[in-house]
Amino acid sequence: MEETTLRHILAECGADALFLEQDFLRRYVTGFYSTDGYVVADREGCSFFADPRYFEAASAQLAGSFVKVEPGAFEAAVTRAKDAKTLGVPYPFISRAACAKLEERGFALMDCMPALRNAMKVKTPAELDKIARACDIAEEGLLATFPRMKEGMTEREVAAVLEYEMRMRGADGTSFETIVAFGAGSSVPHHETGDTRLKFGDVVLIDFGCKVDGYCSDCTRTFLFGDDGKHARFKECYALVLKAHELVKQRLVSGMTGREADEIARGCFREAGLDKYFTHSLGHGIGLQIHEYPMLSPRGEEVLTDGMVFSDEPGLYFEGEFGIRIEDSICLRDGKVVSFMKKTSRDLIIL
């Protein structure tokens with residue numbers, strides 16, 4: 001983050017100082033990841049309070065930046081903020097107990113999350129580069145996983161292979177719990193990866209992503225593990241999901257609302273009489289968290305603008321039979337959609 005951005009957030013919030021302890025918000029402000037620590041920012045500057053586990057690394061990484069690294073934890077951070085009457089804290093990412101501790105010290109609390117959210121939803125070029133790299137690694141990991149998939153493997157085993165392949169290519173970790181669903185399990189949009197074994201002819205749905213410098217990627221591919229000749233209806237529905245996915249890329253432009261974007265895909269399914277089987281929203285923002293603003297849903301009134309990153313993930317789910325989801329991480333650039341996914345096909349893959 002640039003210092004001017006932090007000052008803008010502080011001004012928009014209206015508090016005398018910001019007081020942050022959440023890991024993803026500390027990372028957003030400072031660029032440094034830690035499991036503990038506090039950030040205090042006011043009009044005089046920004047301080048990151050690190051305990052001995054992180055102090056040396058933080059001092060080295062943040063040397064020369066606008067962030068001053070100081071030793072200590074909660075008490076040191078409170079002392080740093082002592083001249084502030086109002087503190088900006090991020091509802092709902094702070095516990096009531098933490099708020100009570102600050103109120104006991106005499107601070108009046110204000111919600112700074114709307115101001116942070118407004119800044120975070122439009123990505124900088126550096127943030128876009130990290131997301132692009134995370135998307136590249138995710139796709140490369142999937143391509144490396146395909147030839148390792150064998151009949152009899154469990155969903156857990158395939159997930160483990162994919163996560164290993166992403167790690168080997170430079171991922172910090174996964175963006176979320178990898179979803180691998182075989183056969184009828186694919187009809188549950190957020191299927192819990194388990195011990196179901198892969199069979200010839202299975203529908204396979206994999207929803208996965210990884211992180212680079214904390215920034216997430218998100219991708220879903222649905223394919224067949226061999227063609228047993230029993231998938232005529234699946235193939236028809238797959239073509240429709242792919243049509244909806246591509247229509248979003250073609251028609252979504254800056255200035256639309258999240259609701260209007262969602263309707264591009266939902267309207268495509270409605271024309272085919274299948275919209276009731278599209279049981280979730282079109283997409284969600286992607287950044288340091290896997291689910292951020294903006295939301296592309298039937299109730300999404302936020303205006304989509306250049307620099308925003310979000311998912312394009314229409315799907316159809318037929319209970320007890322199969323499900324199909326095709327998902328790319330995309331962004332808006334020069335008013336139009338640009339996909340980060342360039343290495344894996346969205347056409348139906350049959351392994």
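(A) Main features of the overall build of the chain. The secondary structure content of the chain amounts to 10 helices and 19 strands. When the backbone C-alpha atoms are referred to their principal axes, the chain occupies close to 70 × 40 × 35 Å. In the chain, of all internal contacts separated by at least 6 residues, the share reaching a separation of at least 24 is 63%. For the chain, the accessible surface area stands at approximately 15,300 Å², while carbon and sulfur atoms represent 52% of it.

(B) Structural context of the layout of surface pockets. By volume, the largest pocket is sized at about 360 Å³. For the largest pocket, the lining is made up of 15 residues, of which M1, T124, E127, K130 and Y215 are closest to its centre. Those elements that provide at least two residues to the lining of the largest pocket are α2 (23-30) and α7 (125-145). Here the lining of the largest pocket is built from residues that sort into six nonpolar, four polar and five charged.

(C) Broad picture of empty space enclosed by the protein. Following the criterion strictly, the structure yields one cavity of 30 Å³ or more and no others. Each pocket or cavity is described by its volume, and for the largest cavity that value is around 50 Å³. Lining the largest cavity are E3, L6, R7, L10, A41, D42, G45, C46 and F66. Listed by contribution, the elements that provide at least two residues to the lining of the largest cavity are α1 (3-13), β2 (38-42) and β3 (45-50).

(D) Quick peek at the nonpolar core. Grouped together as the largest cluster of nonpolar side chains are 66 residues, with contacts concentrated most on Y28, L116 and I206. A per-element tally of this core places α7 first, with seven residues. If we skip the residues at most four places from it in the chain, I206 touches L142, V158, L162, I179, V180, C219, T220, R221 and F223. If you look at the next biggest cluster of nonpolar residues, it comprises 33 residues, including F234, A265, C268 and L316.

(E) The packing of α1 against helix α6 (residues 113-120), seen in detail. It is the contact of α1 with α6, at a shortest axis distance of 8 Å, that shows an interaxial angle of 145 degrees. The interaxial crossing formed by α1 with α6 has right-handed handedness. Side by side, α1 and α6 meet where T5, I9, E12 and C13 of the first sit next to P114, A115, L116, N118 and A119 of the second. Taken together, the residues of the contact of α1 with α6 sort by class into six nonpolar, two polar and one charged.

(F) The arrangement of the sheet that holds strand β6 (residues 108-111) in detail. If you walk across this open sheet you meet the six strands as β4-β3-β2-β1-β5-β6, and the pairing is mixed. Edge positions in the sheet fall to β4 (67-71) and β6, since each of these pairs with one other strand and no more. Taken over all neighbouring pairs, the strand axes of this sheet differ in orientation by 25 degrees on average, direction set aside. Of the strands in this sheet, β1 (17-20), β2, β3, β5 (86-89) and β6 touch α1, which is tilted by about 105 degrees from β1.

(G) Here's a closer look at α1. Residues L6, I9, L10 and C13 constitute the buried set of α1. One side of α1 holds all its buried residues, which, seen down the axis, span an arc of 95 degrees. Exposed residues pointing more than 90 degrees away from the buried face of α1 are listed as T4, H8 and A11. G14, located one to two residues past α1, shows a positive phi value of around 90 degrees.

About the thresholds
- Residues numbered from 1 in each chain as written.
- Predicted model: local features only at pLDDT ≥ 70, side-chain atom pairs only at ≥ 80, totals over all residues.
- Heavy atoms only, no water.
- Helix = DSSP H or I, 4+ residues; strand = E, 2+ residues; numbered from the N terminus.
- Contact = heavy atoms within 4.5 Å.
- Areas by Shrake-Rupley, 256 points an atom, 1.4 Å probe, with all protein chains shown as cover.
- 1 Å grid on protein atoms, 1.4 Å probe; cavity = no way out; pocket = protein on both sides within 12 Å on 5 of 7 lines; lining within 4 Å.
- Points joined across faces, edges and corners; volume = space filled by probe spheres on them.
- Nonpolar A, V, L, I, M, F, W, Y, C, P; charged D, E, K, R; others polar.
- Core = buried A, V, L, I, M, F, W, Y, C linked by side-chain atoms within 4.5 Å.
- Buried < 20%, exposed > 50% of the residue type's maximum accessible area, 1.4 Å probe, protein only.
- Axes fitted to C-alpha atoms, helices over the stretch in contact; angles between N-to-C directions.
- Left-handed = near helix turned anticlockwise from the far one by under 90°.
- Pairing = 2+ DSSP bridges.
- Arc of directions from axis to C-beta.

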